[in-house]
Amino acid sequence: AQSVAQPEDQVNVAEGNPLTVKCTYSVSGNPYLFWYVQYPNRGLQFLLKYITGDNLVKGSYGFEAEFNKSQTSFHLKKPSALVSDSALYFCAVMWAGSYQLTFGKGTKLSVIP
Amino acid sequence: EAQVTQNPRYLITVTGKKLTVTCSQNMNHEYMSWYRQDPGLGLRQIYYSMNVEVTDKGDVPEGYKVSRKEKRNFPLILESPSPNQTSLYFCASTDGPNNEQFFGPGTRLTVL
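What comes next concerns the included structure.

With that settled, consider the pattern of salt bridges. Residue and element names in this part refer to chain B. Going through the model one piece at a time under the given rule, you end up with five salt bridges over all chains. Between Arg44 and Asp38 there is a salt bridge, and its shortest N-O distance comes to 2.8 Å. Taking relative accessible area as the criterion, Arg44 reaches 25% and is therefore assigned partly exposed. It is possible to trace a salt-bridge network through shared partners that takes in Arg36, Asp38 and Arg44.

Below, the structure is given as structure tokens:
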């Protein structure tokens with residue numbers, strides 16, 4: 001079965017510092033990979049996706065992620081964190097040919113002023 | 001405005017009392033899905049639908065039913081709710097499995 005792991009429940013980073021939120025997935029076929037963000041008391045918002053092509057994908061709000069097939073990872077990054085980036089971040093994976101989207105457990109990002 | 005709407009947003013009910021959470025999208029999306037969000041477990045897919053009259057089970061379908069009679073609507077039905085179905089529920093839609101999903105605002109359900 002497909003699975004996705006976010007190894008960190010919480011990530012703390014100082015404002016202005018680079019941030020990384022980690023995501024790894026189980027190996028099986030060709031994955032479609034997504035990052036979503038959830039602000040308090042809100043639904044999820046799409047940040048970025050990897051389907052095929054360039055391993056580095058850029059998304060909303062200055063976020064980017066790198067698909068690493070050998071390490072089966074899709075870590076989310078931002079060069080300079082903002083306090084407003086504080087939220088819950090979810091990695092999700094869908095295998096090509098499947099319609100099931102599997103989410104990680106989420107990582108709470110706190111950006112400290 | 002393109003959106004996914006859910007009703008009700010908040011619901012407190014008792015064990016065994018049938019309820020329906022409605023979901024509607026105005027983007028003409030073929031694919032719709034229901035998720036539940038629980039602390040420490042992330043989002044888990046309950047059911048999904050690839051088109052009208054086509055539905056399939058997700059990871060946690062037990063105790064839930066869905067229907068897709070029209071393209072825009074995808075109601076979630078709990079015929080006999082139990083306390084372990086207390087959760088935050090999200091509906092989502094997309095125009096393709098490799099495209100972003102648009103999420104509704106969520107329905108917080110409490111079953112006493």
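The rest of the description comes next.
Now for the interface of chain B and chain A. The interface of chain B with chain A comprises 22 residues on the first partner and 21 residues on the second. Here chain B packs against chain A, burying approximately 1800 Å² in sum over the two surfaces, 57% of which is carbon and sulfur. Three residues, Leu43(B), Pro97(B) and Asn98(B), lead the burial of chain B against chain A; their summed loss comes to 28% of the area buried on that side. Counting across the chain B and chain A interface gives zero salt bridges. The tally of links between chain B and chain A comes to four residue pairs in polar contact (both at pLDDT 80 or more). Along the lines of polarity and charge, the residues of the side of chain B that touches chain A split into ten nonpolar, nine polar and three charged.

Cut-offs used in this document
Residues numbered from 1 in each chain as written. Chains lettered and ligands numbered in written order. Predicted model: local features only at pLDDT ≥ 70, side-chain atom pairs only at ≥ 80, totals over all residues. Heavy atoms only, no water. Salt bridge = Lys/Arg side-chain N within 4 Å of Asp/Glu carboxyl O. Buried < 20%, exposed > 50% of the residue type's maximum accessible area, 1.4 Å probe, protein only. Contact = heavy atoms within 4.5 Å. Buried area = accessible area lost by both parts, 1.4 Å probe. Polar contact = N/O pair within 3.5 Å; in protein donor to acceptor, adjacent residues only side chain to side chain. Nonpolar A, V, L, I, M, F, W, Y, C, P; charged D, E, K, R; others polar.

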